[in-house]
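Each chain, written out:
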Number of protein chains: 2
Amino acid sequence: MENNQPVVIAVDAMGGDHAPDSVIAGIKLALDNNKADHIDVKYLIFGDEEKVMPLIKKYGISSDYYSFVHTTGYIASDEKPSVAVRTGRDSSLWKAIESVKHNEASAIVSSGNTGALMALSKIILGTMPGIHRPALASIMPNRIGEHVMLDLGANTECDTRNLVEFAVMGEAYARAVLKREKPSIGILNIGSEEIKGREELREAAQILRESDYASQFKGFVESDDLGKGSVDVFVSDGFSGNIALKAVEGTARLMIGLLKDFIKQSFLAKLGAVFFIPVMKAMKKKMNPGNYNGAMLVGLKGISIKSHGGADAYGFSRALRVAYNAVQNDLRGYIATQIEKIKLLTDTEQKSDK
Amino acid sequence: MENNQPVVIAVDAMGGDHAPDSVIAGIKLALDNNKADHIDVKYLIFGDEEKVMPLIKKYGISSDYYSFVHTTGYIASDEKPSVAVRTGRDSSLWKAIESVKHNEASAIVSSGNTGALMALSKIILGTMPGIHRPALASIMPNRIGEHVMLDLGANTECDTRNLVEFAVMGEAYARAVLKREKPSIGILNIGSEEIKGREELREAAQILRESDYASQFKGFVESDDLGKGSVDVFVSDGFSGNIALKAVEGTARLMIGLLKDFIKQSFLAKLGAVFFIPVMKAMKKKMNPGNYNGAMLVGLKGISIKSHGGADAYGFSRALRVAYNAVQNDLRGYIATQIEKIKLLTDTEQKSDK
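Everything quoted here is computed from the prediction, not taken from an experiment. (Residues numbered from 1 in each chain as written. Chains lettered and ligands numbered in written order. Predicted model: local features only at pLDDT ≥ 70, side-chain atom pairs only at ≥ 80, totals over all residues. Heavy atoms only, no water.)

## Points about the interface of chain B and chain A
Item 1. Listed by partner, the interface residues are 66 residues for chain B and 66 residues for chain A.
Item 2. When the area that chain B buries against chain A is broken down by residue, the three leading residues are Arg198, Phe239 and Phe275 of chain B, summing to 13%.
Item 3. Run the count over chain B and chain A and you get eight salt bridges.
Item 4. With a closest N to O distance of 3.5 Å, aspartate 237 of chain A and arginine 198 of chain B form a salt bridge.
Item 5. Our enumeration of links across chain B and chain A arrives at 14 residue pairs in polar contact (both at pLDDT 80 or more).
Item 6. Listed by contribution, the elements that provide at least two residues to the side of chain B that touches chain A are α5 (114–125), β5 (135–142), α9 (238–265), α10 (267–271) and α11 (273–287) of chain B. (Contact = heavy atoms within 4.5 Å. Buried area = accessible area lost by both parts, 1.4 Å probe. Salt bridge = Lys/Arg side-chain N within 4 Å of Asp/Glu carboxyl O. Polar contact = N/O pair within 3.5 Å; in protein donor to acceptor, adjacent residues only side chain to side chain. Helix = DSSP H or I, 4+ residues; strand = E, 2+ residues; numbered from the N terminus.)

## Quick look at the environment of glutamate 49 of chain B
Item 1. Structurally, the position occupied by glutamate 49 of chain B is in helix α2 (residues 49–58).
Item 2. With residues up to four places along the chain from it excluded, the contact list for glutamate 49 of chain B reads Pro54, Phe68 and His70 of chain B.

## Details of the sheet that holds strand β2 (residues 41–47) of chain A
Residues and elements named next belong to chain A.
Item 1. An order of β3-β2-β1-β4-β11-β10-β5-β6-β9-β7-β8 is seen for the 11 strands of this open sheet, with the pairing classed as mixed. Two strands in the sheet have a free side with no partner beyond their single neighbour: β3 (66–70) and β8 (217–221). For this sheet, the mean angle separating the axes of adjacent strands, direction not counted, is 25°.
Item 2. Pairing of strand β7 (residues 185–188) with β8, which is carried by three bridges, proceeds in the parallel orientation. Across the sheet, residue leucine 188 finds its bridge partner in β8, namely valine 221. (Pairing = 2+ DSSP bridges. Axes fitted to C-alpha atoms, helices over the stretch in contact; angles between N-to-C directions.)

## Re a nonpolar patch on the surface
Item 1. The grouping of Phe267, Leu268 and Leu271 of chain A together with Val274 and Ile277 of chain B at the surface amounts to a nonpolar patch, some 500 Å² of accessible area in total.
Item 2. Elements with a contribution of two residues or more to the nonpolar patch: α10 (267–271) of chain A together with α11 of chain B.
Item 3. Among the elements that make up the nonpolar patch, the one with the highest residue count is α10 of chain A (three residues).
Item 4. Its place among the elements puts phenylalanine 267 of chain A in helix α10. (Patch = residues over 30% accessible without salt bridge, like charges linked within 9 Å, V, L, I, M, F, W, Y side chains within 5 Å. Areas by Shrake-Rupley, 256 points an atom, 1.4 Å probe, with all protein chains shown as cover.)

## Re helix α4 (residues 92–101) of chain B
All names here are of chain B.
Item 1. Extensive coverage of α4 is indicated by the burial of seven of its 10 residues.
Item 2. All of the buried residues in α4 are Ser92, Leu93, Trp94, Ala96, Ile97, Ser99 and Val100.
Item 3. As for α4, its buried residues are in contact with β1 (7–12), β2 (41–47), α3 (81–87), β4 (107–110), α5 and β11 (303–306).
Item 4. Where α4 ends, the next residue or the one after it, asparagine 103, has phi of about 60°, a positive value. (Buried < 20%, exposed > 50% of the residue type's maximum accessible area, 1.4 Å probe, protein only.)

## Comments concerning the pairing of β2 of chain B
Residues and elements named next belong to chain B.
Item 1. Most of β2 sits inside the fold, with six of its seven residues counted as buried.
Item 2. The sheet contact formed by β1 and β2 spans six bridges and is parallel. Its bridge partner being in β2, isoleucine 9 is matched across the sheet by tyrosine 43.
Item 3. Traced from β1 through helix α1 (residues 21–36) to β2, the parallel crossover comes out right-handed.
Item 4. For β2 and strand β3 (residues 66–70), the ladder comprises five bridges, and the chain directions are parallel. Residue leucine 44 lies in a different strand from β3, and its bridge partner there is serine 67.
Item 5. In this fold, β2 hands off to α2, which returns the chain to β3; that crossover is right-handed. (Right-handed = clockwise from strand over helix to strand, strands pointing away.)

Written as structure tokens, this is what we have:
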């Protein structure tokens, strides 16, 4: 990391609703930001030459900062992952992921088909030793700052061991990307007095309480803690995590929509519209999903980043920065050093199963 | 319903963070609103005479509109439901629920211990024939109006049959409380391209597609549809429903909090604070959980309403109105007429299991 080689990030130029334009525009924006932040990154771009090269010229991206690989295939956003696995060998996504496996790049970023990205990343890169299932992790905004949440949808159902591994990987992610020194961890649960959640949640909590993470583990949290930022790492199965994530995103949109509706309806507010502008801007900026774009599939032998399908240039540039941070802070190495701990934890768990 | 007898609603005066004051103040407010709306309701109040009677006097509630039953016991908000079931026989909550069973009241409302309310309601009132598990249902706000969501936490895990029954009961609830003629129904799921949700969700969707509800059933919805109000009835297991509900509530609070923060930070906005006041008020009113207070445990042989533990007088008065609407619109009778359909549905399901 300390040598003068640039970090190389592989980019699937063909994935996403506005690809390849938004992807190449995102690279351009990222390069401007990299320069401002004295960050040295080179992008390894995979895509259809006829479509991508004109855009690279249009956005004036210097050949110092990219290499291009022509690919013929393309995975549609509605393609089944199983089909992508069978037939996607020539696609930009496949080739981009493969470049990470072959150490030509340190990370891959795509706005394409989520299921295909997850399936191909697992197959091509492989899961880290000691990790049973990778999870989708992302940064989310809260009142006091930001937190990490995982799994956001990679695994519909999870057992105790998966949840414990998610906690360990999320902790590493919070260290690497949010730069927290001792991130606090909570397991997402429901607060019904009758039933304190599902069995696997109680078991995972028990294991964490008795682990090296004991001082960081804050027990169960509820989904209204997301807005408060009660912990740095929210751990859940992929179904609940996805439900919570989209409820937060939907409610943020609802509130901004209502704000606009009420301003329109209020005579006084319309008069005072000029006063609202900075507040509306600040609100939108804080809650803009583009800011938090770049969910990482953690637990693989390579860094694989999912950008939102509808990401614009700004959103895509943020996902590229997540990839850079994960590489630069050696997220994979950090998770690797935690693996023995995970093994110990799962041994404990297996014992308690007997 | 068409005679001149008032609707009698049983009230547990001892449950809730601010009880009994907020409860009695809520009754006072409800009576004022009842008068304005030409609604005839009498409250059957259960509680400790020494604590409650001075408040009834303080708020000047006429004896025309209430009866009082002195009770000695009380179920603490942190009491385990199993303990409440064993030892709560003398409590205000138990006695209030029992009054519904004995037809002295048509509904019971309590701000007390949720788990105890659910457990005692199930035991004392019993589940309706044809319903396997009651569910907690409530109204929630969205951009275009309101919708019903269930289960909000009564059942941590649900099978296909439970979900189908929730759909039928939610539909009835939307008719009775939201006055929708043909409520649309959606099953909450996640949108991952890889896995289209859990098996029981797919099975429940299939059953609804082939049922009398086919034209009302809109398939799967995601939790960002909650803010949009994409359907009138959102169906989910109690774990996911609780996660979604609290994520919505937490994000609404987050957004109002951020709005305040940004107004404080913005010089222009501070200058224009007077212009914000009507907008902030409108936002708060729209998203105020008090407006939507009163979750109903649907599927029982009696109407049992859970008011939020922290409900103030206004919130409690809203829960009392939910109880009235459920009685007046014969929610129980409507669900009962749907039971045969439910039975047919579950028969179909059982066949498909073979």
